[in-house]
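Breakdown of the fold
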Amino acid sequence: MRHGKKFNHLGRTAPHRAAMLSNMASSLILHKRIETTAAKAKELRKYVEPLITKSKDDNTHNRRIVFSYLQNKESVKELFGIVSEKVASRPGGYTRIIKLANRLGDNAEMCLMELVDFNETLLAATAEKAVKTRRGRRSGAKKTEDTIEAAPVAEVPSAEVVEDETPAAETSEEKTEE
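A few points on the structure. Since we're looking at a predicted model, the values are computed, not measured.

1. Focus: the pairing of strand β3 (residues 110–115)
In summary, the side chains of a regular strand alternate between the two faces of the sheet. β3 sits mainly inside the fold: six of its six residues count as buried. Taking every second residue as pointing to the same face, both faces of β3 are buried, with M110, L112 and E114 on one and C111, M113 and L115 on the other. Pairing of strand β1 (residues 33–37) with β3, which is carried by five bridges, proceeds in the antiparallel orientation. Within β3, the residue paired with T36 across the bridge is C111. Judged from the five bridges that link them, strand β2 (residues 95–99) and β3 form a sheet pairing that is antiparallel. By the bridge assignment for β3, I97 is matched with M113.

2. Looking at the sheet that holds β3
One open sheet accounts for three strands, arranged β1-β3-β2; its pairing is antiparallel. Since the sheet does not close on itself, it has two edges, and those belong to β1 and β2, each with one partner. Taking the axes of each pair of neighbouring strands and ignoring which way they run, one obtains an average angle of 25° across the sheet. Across the sheet, helix α1 (residues 14–31) touches β1, β2 and β3, and the angle it forms with β1 is around 145°.

3. Description of the environment of Y94
By secondary structure assignment, the location of Y94 is in the loop between α4 (73–86) and β2. Residue class for Y94 comes out buried when judged on its relative accessible area of 3%. For Y94 and T53, which are 41 residues apart along the polypeptide, the C-alpha to C-alpha distance reads 8.9 Å. Ignoring any residue separated from it by four or fewer positions in sequence, one finds Y94 in contact with E49, I52, T53, K56, V87, E114, L115 and V116. In this structure the side chain of Y94 is engaged in a polar contact, spanning 3.1 Å, whose partner is the side chain of K56.

4. What about the side chain of T37?
For T37, the position within the fold is in strand β1. Each residue touching T37, except ones within four places of it in the same chain, is listed here: R103, A108, E109, M110 and C111.

5. Regarding the packing of aromatic side chains
In this structure the tally under the stated criterion is one aromatic pair. With a centroid separation of 5.8 Å and 80° between ring planes, the pair formed by Y47 and Y69 is classed as edge-to-face. Note that Y47 is positioned in helix α2 (residues 38–55) and Y69 in helix α3 (residues 60–70), a separation of 22 residues in sequence. Look at Y47 and you get buried, because its relative accessible area is 16%. Lying across the ring of F118, K32 places its NZ or CZ 5.1 Å from the centre.

6. Considerations on the nonpolar core
Within the largest apolar cluster, 27 residues are counted, with the highest numbers of intra-cluster contacts made by L28, L44, I52, V66, L70 and L79. Elements with a minimum of two residues in this core: α1, α2, α3, α4 and β3. The biggest single contributor to this core is α2, with seven residues. Here V66 is in contact with L51, K54, V76, L79 and F80, once residues within four sequence places are set aside.

7. Some details on α1
Note: α-helices contain 3.6 residues per turn, so residues at a spacing of three or four share the same orientation. Between its first and last C-alpha, α1 extends 25 Å over 18 residues, near the 26 Å set by a 1.5 Å rise per residue. Here α1 has its buried residues at R17, M20, L21, S22, M24, A25, S26, L28 and I29. Tucked inside the fold, the buried residues of α1 contact β1, α2, α3, α4, β2 and β3. Once α1 ends, the next one or two residues include K32, with phi positive near 70°.

Definitions and cut-offs
For every chain, the first residue of its written sequence is number 1, and the numbers climb from 1 along that sequence. At least 70 in pLDDT is required for a residue's local features to be given in this predicted model, at least 80 for side-chain atom pairs to be given and counted, and no such filter applies to totals for whole chains, interfaces and linings, which use all residues. Excluded from the side-chain calculations are hydrogens and water; all other atoms, namely the structure's heavy atoms, are used. Categorising residues by exposure relies on relative accessible area from a 1.4 Å probe, with only protein chains included: less than 20% of the type maximum marks a residue as buried, more than 50% marks it as exposed, and the intermediate range marks it as partly exposed. Helix and strand assignments follow DSSP, with helices taken as H or I runs no shorter than four residues and strands as E runs no shorter than two, numbered in order from the N terminus. Think of it this way: DSSP has to see at least two bridges between two strands before they count as a pair. Structural elements are reduced to axes, namely lines fitted to C-alpha atoms, with helices fitted over the stretch in contact, and the angle between N-to-C directions of any two is expressed from 0 to 180 degrees. The criterion used for residue contact is that any of the two residues' heavy atoms lie within 4.5 Å. Between N or O atoms, a polar contact is any pair within 3.5 Å; within protein, one atom must be a potential hydrogen donor and the other a potential acceptor, and residues adjacent in sequence are included only when both atoms are from side chains. Centre distance within 6.5 Å is the pairing criterion for rings of Phe, Tyr and Trp, where only the six-membered ring of Trp is used; planes under 30 degrees apart are then read as stacked, over 60 as edge-to-face, and the remainder as tilted. Our definition puts a charge over a ring when NZ of Lys or CZ of Arg is within 6 Å of the ring centre and also within 35 degrees of the ring normal. Put simply, buried Ala, Val, Leu, Ile, Met, Phe, Trp, Tyr and Cys residues joined by side-chain atoms within 4.5 Å make one nonpolar core. By this rule, a helix spans an expected 1.5 Å times one less than how many residues it contains.

Shown next, in the form of structure tokens:
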């Protein structure tokens, strides 16, 4: 019975799974984004986010703990240097999983996993959205007379109704009266 065994084993033995997650975490830290299957990405998120949290406090003990997981000096240096500076103010949720099309060979769900603070295009788009202001009124706010007077109202020329009677219609009416 598998009571209490909730995490995904990914069809691998424990040492193979640990090695694979370690390699994927190192790749994610070094390259800032990787393309993988959705199941692996969900497991990698559980694996790498506590490591990123440990990197916020840079001391020898945390470096040794992270190195025991990653087994890669360059990725530990990158994690405690560049990555920890960017995520210092973030309280969690350091990774983003973006679903892609299914893989052609076996139809596996593919996704792009990236570190949230390293996607410049998305950060630029959110900064652009922050500049925009709300144009409508909120339900509780009422305009004062000053704001109404300050806003010039463009007058719409009223369409004058001009009754043009055709001379043919007049002549036919006059003939009927006679």
